[in-house]
Amino acid sequence: MEDETQQEQASPAVQKRVRDSFDRQGLMAHLGARLTHIGPGRVHIVLPARPEVAQQHGYVHAGATSAIADSAGGYAALTLFNEDSEVLTVEYKINLLTPAAGTHLEAIGTVLKSGRTLTVCQLEVHGVQGDGERKLVANGQQTLIRVTRPAE
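Residues numbered from 1 in each chain as written. Predicted model: local features only at pLDDT ≥ 70, side-chain atom pairs only at ≥ 80, totals over all residues. Heavy atoms only, no water.

Colleague: Is there a simple way to explain the overall build of the protein in this structure?
Modeller: Across its full length, the protein holds 3 helices and 6 strands. The linear arrangement of helices and strands in the protein, starting from the amino end, is α-α-β-β-α-β-β-β-β. A globule of 152 residues ought to have a C-alpha radius of gyration of about 15 Å, and the protein, at 15 Å, matches this closely. Dimensions of the protein, computed from the C-alpha atoms along their principal axes, are close to 45 × 30 × 25 Å. Sequence separation of 24 or more characterises 64% of the internal contacts of the protein that already satisfy a separation of 6 or more. Entry remark: accessible area of the protein is about 8100 Å², with carbon and sulfur atoms responsible for 51%. (Helix = DSSP H or I, 4+ residues; strand = E, 2+ residues; numbered from the N terminus. Rg over C-alpha atoms; globule rule 2.2 N^0.38 Å. Contact = heavy atoms within 4.5 Å. Areas by Shrake-Rupley, 256 points an atom, 1.4 Å probe, with all protein chains shown as cover.)

Colleague: Explain the nonpolar core to me, please; I cannot follow it from the model alone.
Modeller: Side chains of nonpolar character tend, in soluble globular proteins, to be buried together. One finds I45, L47, I68 and V125 to be the most contacted residues of the largest nonpolar core, which totals 35 residues. At 9 residues, the largest contribution of residues to this core is made by helix α3 (residues 62-78). Look past the residues within four positions of L47 in its chain and what remains in contact with it is L31, G32, A33, V53, V60, A64, I68, H104 and L105. (Core = buried A, V, L, I, M, F, W, Y, C linked by side-chain atoms within 4.5 Å. Buried < 20%, exposed > 50% of the residue type's maximum accessible area, 1.4 Å probe, protein only.)

Colleague: Looking at this model, I keep getting lost on the sheet that holds strand β1 (residues 34-39). Mind explaining?
Modeller: Paired through backbone hydrogen bonds, the strands of a sheet run either parallel or antiparallel to each other. Strand order across the open sheet formed by 6 strands is β1-β2-β4-β5-β6-β3, with antiparallel pairing between neighbours. Each edge of the sheet is formed by a strand with only one pairing partner; in this case those strands are β1 and β3 (85-96). Each adjacent strand pair in this sheet contributes to an overall mean axis angle of 20 degrees, direction not counted. Pairing between strand β2 (residues 42-48) and strand β4 (residues 104-114): 7 bridges, direction antiparallel. (Pairing = 2+ DSSP bridges. Axes fitted to C-alpha atoms, helices over the stretch in contact; angles between N-to-C directions.)

Colleague: What is the right way to read the side chain of D70 from this model?
Modeller: Looking at the secondary structure, you find D70 in helix α3. Of the side chains with opposite charge, K93 comes closest to the buried, unpaired D70, at an N-O distance of 14 Å. In this structure D70 touches T89, Y92 and Q142, once residues within four positions along its chain are discounted. (Lys, Arg positive; Asp, Glu negative; His and termini not counted. Salt bridge = Lys/Arg side-chain N within 4 Å of Asp/Glu carboxyl O.)

Colleague: Would you mind showing me how to read the confidence of the model for the protein here?
Modeller: When pLDDT is low, close inspection of the predicted coordinates is not appropriate. Looking at the protein, pLDDT values average 94 and 95% of them are 70 or higher. Low pLDDT, under 50, characterises residues 1-5; the stretch is placed with 12 contacts to residues that sit more than four places away or in other chains. (pLDDT = per-residue confidence, 0-100.)

Colleague: When you look at the pattern of salt bridges in this model, what are you seeing that I'm missing?
Modeller: Note that side chains of opposite charge can pair when their charged atoms are close. By the definition in use, this model includes 3 salt bridges. Across the salt bridge formed by R50 and E52, the nearest N and O atoms sit 3.3 Å from each other. For R50, a relative accessible area of 27% corresponds to the partly exposed category. On the basis of relative accessible area, E52 is assigned to the exposed category, the value being 60%. Residues E106 and R134 are paired through a salt bridge, measuring 2.6 Å at the closest nitrogen-oxygen approach. A residue pair is termed long-range when its members are at least 10 positions apart, and E106 in strand β4 and R134 in strand β6 (residues 134-148) qualify at 28 residues. A relative accessible area of 5% means that E106 is categorised as buried. For R134, a relative accessible area of 29% puts it in the partly exposed group.

Colleague: When you look at helix α1 (residues 12-23) in this model, what are you seeing that I'm missing?
Modeller: Along an α-helix, residues three or four positions apart point the same way, because every turn accommodates 3.6 residues. Look at α1: 16 Å from first C-alpha to last across 12 residues, which is about the 16 Å you get at 1.5 Å a residue. Among the residues of α1, Q15, R17, V18, S21 and F22 are the ones counted as buried. Summarising the axial view, the buried residues of α1 lie within an arc of 165 degrees, below the 170-degree limit, and thus occupy one face. The exposed set on the far side of α1, more than 90 degrees from its buried face, consists of P12, A13, K16 and D23. Looking at the buried side of α1, the elements it contacts are α2 (26-31), β1, β2, α3 and β3. (Expected span 1.5 Å × (residues − 1). Arc of directions from axis to C-beta.)

Put into structure tokens, the structure is as follows:
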């Protein structure tokens, strides 16, 4: 993976919009996930490996792995939408390639095609060891729909 400092950052307004939305997600807070990169069409979410997100063998549970992948793709799409739009997942498919092990997982959502109504994203989840070694543990694809932000 390229050095995160080399990756393009979204504008401060887009970053704030994504962070504010992420902070309203109870599931991400419950899991202990955090945003680590917000770029145009690309978002990274990190989930520390802890007993609370593990399955019976000690690996990070597929549900937690899938949840951070889904959110990374959704927020990647949101970075390309105007401020009057929100995003909802229509469907996603994830392949669990190997047990999700490491000190943390990093989900990367990348927009493949952003349309007026539907957006398609690539999803990747890497298990990251303490020494920085990375292993792809899951990958997938997601379709999202752009919706008008509800009036507050």
